[in-house]
Amino acid sequence: MPTGAAPGEDAVAGTPSRVVVCRDCCCGTVKVPGDHAAQTARLRSAVPVRVTECLDVCEQANVVVVQPSAAGRAGGARPVWLGLVNDPDATEDIVTWVRAGGPGVAPMPAILDLYVITSPRRVTAS
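The residue numbering used here restarts from 1 in each chain and proceeds along that chain's sequence as written. For this predicted model, a pLDDT threshold of at least 70 governs which residues receive local features, and a threshold of 80 or more governs which side-chain atom pairs are given and counted, while totals over whole chains, interfaces and linings are taken from all residues. Derived side-chain values reflect all non-hydrogen atoms in the structure, with water molecules and hydrogen atoms excluded from consideration.

Participant: Please explain the state of the cysteines as it appears in this structure.
Facilitator: The term disulfide refers to a covalent linkage connecting the sulfur atoms of a pair of cysteines. Any cysteine sulfur atom paired with another within 2.5 Å is treated as part of a disulfide. Inspection of every chain in the model, using the stated rule, returns zero disulfides. The thiol of Cys-22 is unpaired, and the distance to the nearest cysteine sulfur, on Cys-27, comes to 3.6 Å. With a 1.4 Å probe rolled over the protein chains alone, any residue whose accessible area is under 20% of its type maximum counts as buried; one over 50% counts as exposed, and the rest are partly exposed. A residue is classified by how much of its surface remains accessible, and Cys-22, at 3% relative accessible area, is buried. Among the residues examined, Cys-27 registers a relative accessible area of 2% and is labelled buried.

Participant: What's the story with the nonpolar core in this structure? I'm lost.
Facilitator: In globular proteins that are soluble, nonpolar side chains generally tend to be buried together. Val-19, Leu-43, Val-66, Leu-82, Val-85 and Ile-94 are the most contacted members of the largest nonpolar core, which has 19 residues in total. Counting residues per element, the ones that place at least two in this core are strand E1 (18–22), strand E3 (64–67), strand E4 (80–82) and helix H3 (88–100). Counting residues per element, this core draws most heavily on H3, at five residues. Apart from the residues within four sequence positions on either side, Ile-94 is in contact with Leu-43, Val-64, Val-66, Leu-82, Val-85 and Leu-112. By nonpolar core is meant a set of buried Ala, Val, Leu, Ile, Met, Phe, Trp, Tyr and Cys residues that side-chain atoms within 4.5 Å join together. By definition, any uninterrupted DSSP run of H or I lasting at least four residues is a helix, any uninterrupted run of E lasting at least two residues is a strand, and each is numbered from the N terminus. We call two residues in contact whenever any of their non-hydrogen atoms come within 4.5 Å of each other.

Participant: Could you clarify how one ought to interpret the sheet that holds E3 in this entry?
Facilitator: Strand pairing within a sheet occurs via backbone hydrogen bonds; the two strands may be parallel or antiparallel. One open sheet holds the four strands; their spatial order is E2-E1-E3-E4, and the pairing between them is mixed. Each edge of the open sheet carries a strand with a single partner, namely strand E2 (49–52) and E4. Strand-to-strand twist in this sheet, taken as the mean axis angle between neighbours without regard to direction, amounts to 20°. Strand direction decides the pairing type here: E1 and E2, joined by four bridges, are parallel. Across the sheet, residue Val-19 finds its bridge partner in E2, namely Val-49. Its contacts with the sheet place helix H1 (residues 36–44) against E1 and E2, and it is angled at close to 150° to E2. Lines fitted to C-alpha atoms define the axes here, with helix axes fitted over just the stretch in contact, and angles between the N-to-C directions of these axes take values from 0 to 180 degrees. Packing of H3 onto the sheet brings it into contact with E1, E3 and E4, and relative to E3 it is tilted by some 10°. For two strands to count as paired, DSSP must find a minimum of two bridges between them.

Participant: What is the right way to read the environment of Val-65 from this model?
Facilitator: Positionally, Val-65 belongs in strand E3. In this structure the C-alpha to C-alpha distance between Val-65 and Leu-55, which are 10 residues apart in sequence, comes to 9.6 Å. Excluding its chain neighbours within four sequence positions, the residues that come into contact with Val-65 are Arg-18, Val-19, Val-20, Leu-55, Pro-79, Val-80 and Trp-81.

Participant: Honestly, the pairing of E1 in this entry has me stumped. Any pointers?
Facilitator: Regular strands place side chains that alternate from one sheet face to the opposite one. Across the five residues of E1, four count as buried, placing the element largely inside the fold. The sheet contact formed by E1 and E3 spans four bridges and is antiparallel. Along E3, the bridge assignment pairs Val-21 with Val-64. Handedness of a crossover is defined as follows: orient the strands so they point away from the viewer, and if the path from the first strand over the helix to the second runs clockwise, the crossover is right-handed. Handedness of the crossover joining E1 and E2 through H1 is recorded here as right-handed.

Participant: Help me understand the packing of H1 against H3, please; the structure alone is not making it clear to me.
Facilitator: Any two packed helices are characterised by the angle at which their axes cross and by the distance between the axes. For the pair H1 and H3, interaxial distance at closest approach is 10 Å and the crossing angle is 15°. Relative to H3, the element H1 is oriented roughly parallel. Taken as a pair, H1 and H3 cross one another with a handedness that is right-handed. In this structure, H1 contributes Gln-39, Arg-42 and Leu-43 to the contact, and H3 contributes Thr-91, Glu-92, Ile-94, Val-95 and Arg-99. Split by residue class, the contact of H1 with H3 holds three nonpolar, two polar and three charged. Each angle gets one of four labels, with under 35 degrees taken as roughly parallel, over 145 as roughly antiparallel, 65 to 115 as roughly perpendicular, and the rest as oblique. Put simply, a crossing is left-handed when the front helix is turned counterclockwise from the back one by less than a right angle, and right-handed when it is turned clockwise. Three classes are used, and their members are as follows: Ala, Val, Leu, Ile, Met, Phe, Trp, Tyr, Cys and Pro are nonpolar, Asp, Glu, Lys and Arg are charged, and the others, Gly among them, are polar.

Below you can see the structure in the form of structure tokens.
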């Protein structure tokens, strides 16, 4: 990370990857074991984090969406949805990836393939 860079800042474009963390009816609650506050704090130490209400994939709690940086988006990267992120090691893998540049800039660690889920976005026929 360049000197003076914000956590998760992309060295190429300066606009960092961002993480969206679901914290609503299932994610981040007693329904899912784990230290949710520690997970959110750890992610915030590496990247800008937005906490949101339900992302509509409750069966995949805890859900984390890694959004590409400006450089990643310029290269065609799309947000990566991760589900069942309930282990501190998975959180560390996300932190490592985001610090390296995130989607479209750095290869996703192979272990995170186990967590990739499909976004709930509904596609309608035109």
